[in-house]
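# Fold and geometry: a report
Here is how the chains run, residue by residue.
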Amino acid sequence: MTVTSDIYEISNPKDIPSLRRALVNRLIYSIGKDPVETNERDWFFALAYVVRDLLTLRWMESMRRYYLQDAKRVYYLSMEFLIGRSLVNSLLNIGCYNEFKQVLEDVGLNLDELAEAEEEAALGNGGLGRLAACYLDSLATLQLPGFGYGIRYEFGMFSQSIEDGYQVEHPDNWLRYGNPWEFARPDVLYRVQFRGRVVEYRESDGEVRYRWIDTEDVMAMAYDIPVPGYGGETVNNLRLWAAKASRDFELKYFNEGNYIKAVEQKTRSENLSKVLYPDDTTQMGRQLRLKQEYFFVSASLQDILKTYSADHRGFAALPQEVAVQLNDTHPSIAIPELMRILMDEYRVPWHEAWNITVQTFSYTNHTLLPEALEVWSVRLFEELLPRHLHIIYEINYRFLKEVSERFPGDLDLIRRVSVVDEEHGSRLRMSHLAIIGSHKVNGVAELHSRLMKTTIFRDFDRIFPDRFVNITNGITPRRWLNQANRDLAALITESIGSGWVTDLERLRELAPLADDAAFRERFRAVKLANKTRLAALIDKRLAIRIDQTSLFDVQVKRIHEYKRQLLNVLHVITRYNRLRSGKSGDIVPRTVIFGGKAAPGYHAAKLIIKLINDVAKAIDRDPAVDGVLKVVFVPDYNVSRAMEIIPAVELSEQISTAGMEASGTGNMKMAVNGAITIGTLDGANIEIREHVGEENIFIFGHTAGQLEELRRDGYDPWRYYRSNDELKLALDMIATGYFSPDEPDRFKSLVDSLLRDGDKFAVLADYGSYVACQEEVDRLYRDPEAWTRKAILNVAHCGWFSSDRAVREYAERIWDIPTCR
Ligand code: 26W
């Protein structure tokens, strides 16, 4: 039977009566509720099901189109997809937002309130996971055959509450009421092996082959989530895997008559996809994490090869049909896994299998921080994935042999580039494996990619001169401007038309309007409305009053020492001291907003949260600064919170230690929403400066090069402490308990990290220029016309940071895939 659109009850998605009928039908027949006895969640689910229906036919059409055109596909393998809520995004992408708003109003409901009933899909930690979600949106919008593969964690990123100023973590039970977007696919089930042993055998052709046997198996079951592109033409697929106990495993115990043990065993294997590791930038080396990585990689590759094999013979053409992007090293076991499948299961000879593998994979690096680079102990690998360990050894052996032939006598080079690090007790360096097994390796901003080539991967750049490329990150304008900032989006569309939604560089047409006083007035009114809305939310949720006319100075992102929330706090304290001593002149009233989660085991980061809250409390209690300085820590920063906060930002804090933030993407979101950046020459800040012009951004601090020099000459934080009275005062206040009279030593370790432990993140070295730069910010803010002009130019010149541009670059330079219409 051929499915056509006339089979569905909604013949025309603009026809209000049929939308209403569909909605009420879902409420009655899918939710099982009488319309007279419903809550908001019931209506949310009913609506989500109608929207999913509307996506499903287009989704099937897209899949059919890819199949019929035998289109080359890209598979984006990522441990994290930080999607957030989907209802409004889907409605806007398929163009039915206003229609459904009307339908709901007719039954006395408000669409935007109802949308709050959706649990967000927080299947990621931060930048890396959110980037994956932006790229899925762009792949679909650009009509590219792009598929996400990941894990259906039962618990996503923990939710954060603040109790007595401290972070408290709570489990994120996001599936409690079900996920209306997904289709469970109990028939799409793959076996994933662990442990066991490898036996060598000789085949009739005389070749030695390997068999991996006596394994403990877990099943991977697929869940599909439709990913609509803007305009609704293409709907792609995100496939997430959930762990299911294997029947064999259960049967073993059932047959022994041990029912309880069998059920226990079932729970144990299903724990595999239970929870997202909430650590960003510190590698944990935990067994369950390695199991999660292999679990989703194995299932995804089996699925990819099944699709490929449905209409291709042999594997020689795999790289012409399939590109696989590895989002960081987390899925890099895919490299030995593909080798294993090709050799052990399909008898492809090594060198052929290797060429196919390298041509198929590419790898994105997201960090240079040594503690974030993945390493696994050989012992753990041997235990869980013995066959893979042997393949990795063979990959490494052949690679090192080639290197020693090309660079004879350079034994140190061999030691440095080996996948196996013997200096720290036999560990596998997954980044080395990922580089060796990929045809392209990319960094995520110009500086990051350059540093990658000149520092941590310098040797590899010499060995593989064409392998390293840069693709600067981007963000989707659909979610981060069109959806999050409806008022600004409307003003832009009124001024330059709606083409910017899919061609963000058209924002450039706003540039002349920066000199138009009437436009500035309207732009300022939008920002004020956004600030007022945020102030109301903060009042409602936290019972904190903020002045919507004060400068909104915002730093929201994961809490990490390299991101330097501490530098921000030192500035706040300095401002506070100036106000108290009457040395501030006519200081600009500010509201300094912080938000972000700390990894549960990251003591310093958690203490920084407490410090922010203690400083906020001290400032609140001091009548001397009432109305001119306010600090707010917004709990539970996530995608939904970001969409509320970012449109209201005036000053975007991007103040990481130069050379440490690979790119940043919050910096782009804020700038395109009309914030002015105060930042270091780090990550994509450098490119933001190039695009908006140096007169429209506040840059301070040491460059990466200057820091290198400073450290080489022996960096002494005490020198800054002694020579700057305001810095000394601020640090002394923290160290002696001014903000923690109940526990004077509370923050001693933080101050020690700055003064006694060498200030790894150069906070003190940048303090002076940061504070001076903040004075420039005040000066500009006192002239609203001049400020607004620059803010508008930030919007106008940030179009390049669209994820459409980034994904197009991947498609052309790495994946070699054309659009498929
Ligand atoms: C193994 C533990 C672990 C988990 C996650 C180590 C490292 C990570 C990620 C690489 C951390 C991350 O999210 N990196 C961020 O990636 C963003 C998208 O490219 C960049 O914009 C950020 O600068 C970078 O910190």
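Presented here is a report on the structure given in the accompanying data block. Note that the coordinates shown come from a computational prediction; the quantities given were computed from them, not determined experimentally.

Reading the values: the criteria
Residues numbered from 1 in each chain as written. Predicted model: local features only at pLDDT ≥ 70, side-chain atom pairs only at ≥ 80, totals over all residues. Heavy atoms only, no water. Axes fitted to C-alpha atoms, helices over the stretch in contact; angles between N-to-C directions. Helix = DSSP H or I, 4+ residues; strand = E, 2+ residues; numbered from the N terminus. Parallel < 35°, antiparallel > 145°, perpendicular 65-115°, else oblique. Left-handed = near helix turned anticlockwise from the far one by under 90°. Contact = heavy atoms within 4.5 Å. Nonpolar A, V, L, I, M, F, W, Y, C, P; charged D, E, K, R; others polar. 1 Å grid on protein atoms, 1.4 Å probe; cavity = no way out; pocket = protein on both sides within 12 Å on 5 of 7 lines; lining within 4 Å. Points joined across faces, edges and corners; volume = space filled by probe spheres on them. Core = buried A, V, L, I, M, F, W, Y, C linked by side-chain atoms within 4.5 Å. Buried < 20%, exposed > 50% of the residue type's maximum accessible area, 1.4 Å probe, protein only. Near = heavy atom within 4 Å. Polar contact = N/O pair within 3.5 Å; in protein donor to acceptor, adjacent residues only side chain to side chain. Areas by Shrake-Rupley, 256 points an atom, 1.4 Å probe, with all protein chains shown as cover. Pairing = 2+ DSSP bridges. Phe/Tyr/Trp six-rings, centres within 6.5 Å; stacked < 30°, edge-to-face > 60°. Lys NZ or Arg CZ within 6 Å of the ring centre and 35° of its normal.

### A word on the packing of helix 11 (residues 334-345) against helix 12 (residues 350-360)
Running from amino to carboxyl end, helix 11 crosses helix 12 at an angle of 140°, the nearest separation of the two axes being 9 Å. The angle between helix 11 and helix 12 falls in the class oblique. Judged by the twist between their axes, the crossing of helix 11 over helix 12 is right-handed. Only W350, A353, W354, I356 and T357 of helix 12 make contact with helix 11, whose side of the interface consists of I335, L338, M339, L342 and M343. Of the residues that constitute the contact of helix 11 with helix 12, the class distribution is 9 nonpolar, 1 polar and no charged.

### With respect to the layout of surface pockets
The computed volume of the second largest pocket comes to approximately 800 Å³. Lining of the second largest pocket is provided by 27 residues; of these, D112, E116, Q483, A484 and E644 occupy positions nearest its centre. Ranked by residues supplied to the lining of the second largest pocket, first place goes to helix 21 (residues 517-542) with 6 residues.

### Concerning the nonpolar core
Membership of the largest hydrophobic core comes to 157 residues, with the highest contact counts inside it found for L77, W241, F295 and W815. When residues of this core are assigned to their parent elements, the largest contribution, 12 residues, is made by helix 2 (residues 40-68). Judged by nonpolar contacts, the second largest core, of 131 residues, contains L607, A684, L731 and F761.

### Examining helix 12
Every buried residue of helix 12 is listed here: W350, A353, W354, I356, T357, V358 and T360. Contacts from the buried residues of helix 12 go to helix 10 (318-321), strand 12 (322-327), helix 11, strand 13 (361-364), helix 14 (386-406) and helix 16 (430-436).

### Remarks on the site of the ligand
Close to the ligand lie 21 residues, the nearest being H366, N473, E661, S663 and G664. With respect to the ligand, the backbone of A662 contributes an N or O atom lying 3.3 Å from an oxygen atom. The fraction of the free accessible surface of the ligand (570 Å²) that becomes covered by protein chains is 96%. By residue number, the principal contributor to the shell around the ligand is helix 6 (residues 127-141), which donates 3 residues. A breakdown of the residues in the shell around the ligand according to their chemical character gives 6 nonpolar, 10 polar and 5 charged.

### Some remarks on the sheet that holds strand 23 (residues 676-679)
Strand order in the open sheet formed by 6 strands is 21-20-19-22-23-24, with parallel pairing between adjacent strands. Pairing within the sheet leaves two strands with one partner each, and these edge strands are strand 21 (629-634) and strand 24 (698-699). Bridge analysis of strand 22 (residues 651-654) against strand 23 gives 4 bridges, and the strand direction is parallel. Bridged to E653 within strand 23 is I678. Relative to the sheet, helix 23 (residues 603-621) contacts strand 20 (590-595) and strand 21, its axis offset from that of strand 21 by approximately 145°.

### Overview of the packing of aromatic side chains
Describing an aromatic ring pair means giving the distance of the ring centres and the angle of the ring planes. Using the criterion set out here, one finds 27 aromatic pairs in the structure. Taking 5.3 Å as the distance between ring centres and 75° as the angle between the ring planes, the aromatic pair formed by F44 and F45 counts as edge-to-face. Overall, the relative accessible area of 1% leaves F44 in the buried class. Seen from their ring centres, Y75 and Y149 are 5.7 Å apart, and the 35° between their planes marks the pair as tilted. Placement of the pair is Y75 in strand 1 (residues 73-77) and Y149 in strand 4 (residues 146-151), with a sequence separation of 74 residues. Each member of the pair, Y75 as well as Y149, is classed as buried. Note that R486 overlies the ring of Y97, its terminal NZ or CZ placed 5.4 Å from the centroid. If you follow K597 out to its NZ or CZ, it ends over the ring of F158, 5.6 Å from the centre.

### Notes on empty space enclosed by the protein
Once rolled over the atoms, a probe with the size of a water molecule shows which space is left empty. According to the stated counting rule, one finds 4 cavities of 30 Å³ or more in the structure shown. The wall of the largest cavity is formed by 14 residues, among which K557, Q654, I655, S656 and E661 lie closest to the centre. Per-class residue counts for the lining of the largest cavity are 2 nonpolar, 8 polar and 4 charged. Of the pockets and cavities examined, the second largest cavity occupies roughly 40 Å³. Lining the second largest cavity, in full, are L368, L447, H448, L451, G659, M660, E661, A662, D682 and G683. Taken together, the residues of the lining of the second largest cavity sort by class into 5 nonpolar, 3 polar and 2 charged.

In short, geometric facts, not functional conclusions.
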